[in-house]
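Tertiary structure, described
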Amino acid sequence: ADCRYTCHQECRSLIQLDCRRPGPCQSQLSPENTLLLPPRSQNATQTVEEEKPEPPTVQEIKQRIEKYNAKVTNCLLMKLNDDGTYTGFIKVHLKLRRPVTVPAGIRPQSIYDALKEVNLAEMTDKRTSFYLPLDAIKQLHISSTTTVSEVIQGLLKKFMVVDNPQKFALFKEMRKDGQVLFQKLPLTEYPLYLRLLAGPDTDVLSFVLKENETGEVEWDAFSIPELQNFLMILDKEEKDKIQQVHRKYERFKQRLQQTLKEARGKPG
């Protein structure tokens, strides 16, 4: 009534103003500079930040791990460590539709290289493009402290991909009411904790590595040869699509001509 502050009716209880105390706001605000907001629908998303839940205790983690392991049908169990952290396995589906950059002329990584953490990609400056098999699955043994960023870097290292990790994103795939839902995970998220909450059933939750196509790609991270390679790939895809359309209507034309030929001389 005094300062003419305007808000939604359902937000009234959230406003913290002491209108009984005179202050500068009473003289500064007037009907002319008051922000009038349209009525908010009942289905609108609440903008008030909710308090984040408290992190689970070690005892709660232990109970969840026991419940998780009871549902595991293979040997991929989770293990609780003495310091409260835990380790386990996640499977990541690789759904990359663009080629990745890998070193050329490099032998496959051996067990010795993996144990010694030898980076074969650093042994040559030669690069080539390579299509990873669509929907390939990679299994990773990670810790509860392993972030999404580290998972992406680990996957690229296993396949000796030298592309910038910022070009990729990790998504969680969920199935609900017959629909498949994808949600991009922040780089600071912990995939193993999500796996623990969802249980071992990959139909409930699975992880997918895809291209980062949400507008957050830093194109400066691409080299000129990479960008030129993308243009060549797009040009090839365009030509292939044009050929598919030509073949489609050529077959349709042949069938139409054959039908007309068979119909000649027939009544009607």
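In what follows, the accompanying structure is described. (Residues numbered from 1 in each chain as written. Predicted model: local features only at pLDDT ≥ 70, side-chain atom pairs only at ≥ 80, totals over all residues. Heavy atoms only, no water.)

1. Re the overall build of the protein
If you tally the helices and strands in the protein, you get 6 helices and 8 strands. Listing every helix and strand of the protein by position from the N terminus yields α-α-β-β-β-α-β-β-α-β-β-α-β-α. For the protein, with 268 residues in total, the buried portion stands at 26%. Expressed as a percentage of contacts within the protein between residues at least 6 apart in sequence, the contacts between residues at least 24 apart total 69%. Accessible surface, the protein as shown: approximately 20300 Å² in total, 52% of it carbon and sulfur. (Helix = DSSP H or I, 4+ residues; strand = E, 2+ residues; numbered from the N terminus. Buried < 20%, exposed > 50% of the residue type's maximum accessible area, 1.4 Å probe, protein only. Contact = heavy atoms within 4.5 Å. Areas by Shrake-Rupley, 256 points an atom, 1.4 Å probe, with all protein chains shown as cover.)

2. Describing the environment of Thr146
Within the secondary structure, Thr146 sits in the loop between β5 (136-143) and α4 (148-158). Given a relative accessible area of 14%, Thr146 falls into the buried group. In sequence terms Thr146 and Leu192 are 46 residues apart; their C-alpha atoms lie 7.6 Å from each other.

3. Topic: helix α5 (residues 191-198)
Within the span of α5, buried status applies to Pro191, Leu192, Leu194, Arg195 and Leu196. Directly after α5, the chain includes Gly199, whose backbone phi takes a positive value near 90 degrees.

4. Digging into unusual backbone geometry
Within the chain, Met160 stands out as a residue other than glycine whose phi angle is a positive 55 degrees. For Met160, the location among the structural elements is in the loop between α4 and β6 (168-176).

5. Structural notes on the nonpolar core
Here is a general trend for soluble globular proteins: nonpolar side chains tend to be buried in one another's company. Ranked by internal contacts, the top residues of the largest apolar core, which has 31 residues, are Ile90, Val92, Phe168, Leu170, Phe207 and Leu209. Of the residues forming this core, the biggest block, 5 residues, is contributed by α4. In this structure Ile90 touches Lys138, Gln139, Leu140, Ile142, Val151, Pro191, Leu192, Arg195 and Phe207, once residues within four positions along its chain are discounted. (Core = buried A, V, L, I, M, F, W, Y, C linked by side-chain atoms within 4.5 Å.)

6. Some remarks on the packing of aromatic side chains
All chains considered together, the criterion is met by 0 aromatic pairs. If you follow Lys210 out to its NZ or CZ, it ends over the ring of Phe171, 5.3 Å from the centre. (Phe/Tyr/Trp six-rings, centres within 6.5 Å; stacked < 30°, edge-to-face > 60°. Lys NZ or Arg CZ within 6 Å of the ring centre and 35° of its normal.)

7. Describing the packing of helix α2 (residues 58-71) against α5
It is the contact of α2 with α5, at a shortest axis distance of 9 Å, that shows an interaxial angle of 65 degrees. Considering only the axes of α2 and α5, their crossing is left-handed. The residues of α5 that touch α2, namely those facing Ile61, Arg64, Ile65 and Tyr68, are Tyr193, Arg195, Leu196 and Leu197. For the contact of α2 with α5, the class distribution of residues is 6 nonpolar, no polar and 2 charged. (Axes fitted to C-alpha atoms, helices over the stretch in contact; angles between N-to-C directions. Left-handed = near helix turned anticlockwise from the far one by under 90°. Nonpolar A, V, L, I, M, F, W, Y, C, P; charged D, E, K, R; others polar.)

8. Points about the pattern of salt bridges
Opposite charge on two side chains makes pairing possible when the charged atoms of those side chains draw close. What the rule picks out here adds up to 6 salt bridges. With its nearest N and O atoms 3.6 Å apart, the salt bridge here joins Glu173 to Lys95. Of this pair, Glu173 sits in strand β6 while Lys95 sits in the loop between β2 (86-94) and β3 (100-103); the two residues are 78 residues apart in sequence, bridging distant segments of the chain. On the basis of relative accessibility, which here comes to 5%, the residue Glu173 falls in the buried class. (Salt bridge = Lys/Arg side-chain N within 4 Å of Asp/Glu carboxyl O.)

9. A few points about the environment of Asn212
Looking at where Asn212 falls in the secondary structure, it is placed in the loop between β8 (205-211) and α6 (224-263). Residues Asn212 and Leu170 lie 42 residues apart in sequence; the distance between their C-alpha atoms is 8.4 Å. A distance of 3.3 Å separates a polar side-chain atom of Asn212 from the backbone oxygen of Gln166. (Polar contact = N/O pair within 3.5 Å; in protein donor to acceptor, adjacent residues only side chain to side chain.)

10. Considerations on a nonpolar patch on the surface
Together, Val245, Tyr249, Phe252, Leu256 and Leu260 give the surface a local cluster of nonpolar side chains, amounting to about 500 Å² of exposed area. One can find Tyr249 in helix α6. (Patch = residues over 30% accessible without salt bridge, like charges linked within 9 Å, V, L, I, M, F, W, Y side chains within 5 Å.)

11. Some thoughts on the environment of Leu205
By secondary structure assignment, the location of Leu205 is in strand β8. You can call Leu205 buried: its relative accessible area is 5%. Sequence spacing of Leu205 and Leu194 is 11 residues, and the spatial spacing of their C-alpha atoms is 8.4 Å.

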